[in-house]
Amino acid sequence: GTNTQRGLGDKLYYFNTNTVDWISLFLTEQYDKGPVHAFATYGYTSVKYSYFDHFFADPNTGDHIDTSAGPIAGNQIKGGVRYLFSKQFSAFANAGWVSKAPIFDGAIDDITGQLLPNQQNEKFTSFEGGFRWTTEDRKFDVSANFYVTKWRNRTESSVSEDGNGGGTITFERGVD
């Protein structure tokens with residue numbers, strides 16, 4: 001009611017417990033012979049999300065809202081090579097492909113606790129390259145790098161307040 005007073009630590013309107021549980025495995029191999037230095041990496045991740053609302057109950061059952069999503073699997077492959085043309089000059093190139101589980105907001109609506117349909121992994125590819133030149137005494141060097149990353153199917157969330165204590169929460173999925 002309007003005469004209810006709250007104290008320090010009291011919960012007001014919003015009291016959820018969200019969890020993100022994940023397990024990962026990474027395997028890396030390196031090759032280093034003569035002027036060639038190379039690596040390859042594979043990664044696997046499994047992510048599970050849960051949401052529990054301590055305040056509000058499901059209107060149909062009367063039970064607290066308790067939602068879980070997953071496990072959702074993700075993978076990544078990365079590799080690269082560096083070539084030593086001389087003691088002073090080398091160049092490198094790397095590439096990677098990642099398919100990662102969506103962030104929590106891409107699996108469960110954090111306001112209603114509803115499981116979101118069409119949960120899809122975020123994906124990105126990356127490429128980078130560069131060179132390095134150094135003086136023989138190693139007191140001066142010049143290096144240049146470039147990289148390109150392309151994200152696909154990303155999940156974005158934002159909050160905009162209206163100045164009167166309210167606002168809008170926006171979830172955008174499938175952003176490239």
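Our structure's up above, just so we're on the same page.
Within the protein chain, the secondary structure is distributed over zero helices and eight strands. In sequence order, the secondary structure elements of the protein chain are arranged as β-β-β-β-β-β-β-β. By its C-alpha atoms, the protein chain is 80 × 35 × 30 Å across when sized along the principal axes. Looking at the protein chain as a whole, 24% of its 176 residues qualify as buried. Taking the intrachain contacts of the protein chain between residues at least 6 apart in sequence as the baseline, contacts between residues at least 24 apart amount to 54%. Accessible surface, the protein chain as shown: approximately 12,400 Å² in total, 54% of it carbon and sulfur.

A grouping of Tyr83, Phe85, Phe89, Phe131, Trp133, Phe140 and Val142 is seen on the molecular surface, where their side chains present a nonpolar patch of about 660 Å² in accessible area. When you line up the elements, Tyr83 lands in strand S3 (residues 64-84). What makes Tyr83 partly exposed here is its relative accessible area of 37%.

In this structure, strand S4 (residues 89-100) lies alongside strand S5 (residues 122-134), joined through 12 bridges in antiparallel fashion. Bridging across to S5, Phe89 finds its partner in Trp133. For S5 and strand S6 (residues 141-152), the ladder comprises 12 bridges, and the chain directions are antiparallel. The residue bridging Lys123 from the neighbouring strand is Arg152, located in S6.

So, on to the packing of aromatic side chains. The tally for this structure, following the rule as stated, stands at six aromatic pairs. Each ring, one from Phe85 and one from Phe89, has its centre 5.5 Å from the other, and the planes form 35°; the classification is tilted. Taken together, a centroid distance of 4.4 Å and an interplanar angle of 35° make the contact between Phe124 and Trp151 tilted. Within this pair, whereas Phe124 is found in strand S5, its partner Trp151 is found in strand S6, the two being separated by 27 residues in sequence. One aromatic cluster is present, built from ring pairs that chain together Tyr83, Phe85, Phe89 and Phe131.

Val47, Tyr49, Tyr51, Ile65, Ala69, Ile72, Ala101, Phe104, Ala107 and Ile108 together form the largest nonpolar core, which totals 10 residues. Put simply, the parts of the chain that give this core at least two residues each are strand S2 (36-57) and S3. Not counting chain neighbours up to four residues away, the residues in contact with Ala107 comprise Tyr49, Ala69, Gln114, Leu115, Leu116 and Gln119.

Turning our attention to the sheet that holds S4. If you walk across this open sheet you meet the six strands as S1-S2-S3-S4-S5-S6, and the pairing is antiparallel. With one partner strand each, in any of the chains shown, strand S1 (16-33) and S6 form the two edges of the open sheet. Here the average twist between neighbouring strands, direction ignored, is 10°.

With that out of the way, let us pick up the environment of Gln119. Along the chain, Gln119 falls in the loop between S4 and S5. From its side chain, Gln119 meets the backbone oxygen of Ala107 in a polar contact 3.3 Å long.

Moving on: unusual backbone geometry. Residue Pro71 is bonded to the preceding Gly70 through a cis peptide linkage, with omega at 5°. With respect to the helices, strands and loops of the structure, Pro71 is situated in strand S3. Here Arg138, not a glycine, exhibits a phi torsion of approximately 65°, which is positive. One can find Arg138 in the loop between S5 and S6.

Let's shift gears to the pattern of salt bridges. For the coordinates displayed, the defined rule picks out two salt bridges. In this structure, Glu122 engages Lys100 in a salt bridge whose closest nitrogen and oxygen atoms are separated by 3.8 Å. Of the two residues, Glu122 sits in strand S5 while Lys100 sits in strand S4, which places them 22 residues apart along the sequence. You can call Glu122 buried: its relative accessible area is 2%.

Thresholds applied
- Residues numbered from 1 in each chain as written.
- Predicted model: local features only at pLDDT ≥ 70, side-chain atom pairs only at ≥ 80, totals over all residues.
- Heavy atoms only, no water.
- Helix = DSSP H or I, 4+ residues; strand = E, 2+ residues; numbered from the N terminus.
- Buried < 20%, exposed > 50% of the residue type's maximum accessible area, 1.4 Å probe, protein only.
- Contact = heavy atoms within 4.5 Å.
- Areas by Shrake-Rupley, 256 points an atom, 1.4 Å probe, with all protein chains shown as cover.
- Patch = residues over 30% accessible without salt bridge, like charges linked within 9 Å, V, L, I, M, F, W, Y side chains within 5 Å.
- Salt bridge = Lys/Arg side-chain N within 4 Å of Asp/Glu carboxyl O.
- Pairing = 2+ DSSP bridges.
- Phe/Tyr/Trp six-rings, centres within 6.5 Å; stacked < 30°, edge-to-face > 60°.
- Core = buried A, V, L, I, M, F, W, Y, C linked by side-chain atoms within 4.5 Å.
- Axes fitted to C-alpha atoms, helices over the stretch in contact; angles between N-to-C directions.
- Polar contact = N/O pair within 3.5 Å; in protein donor to acceptor, adjacent residues only side chain to side chain.

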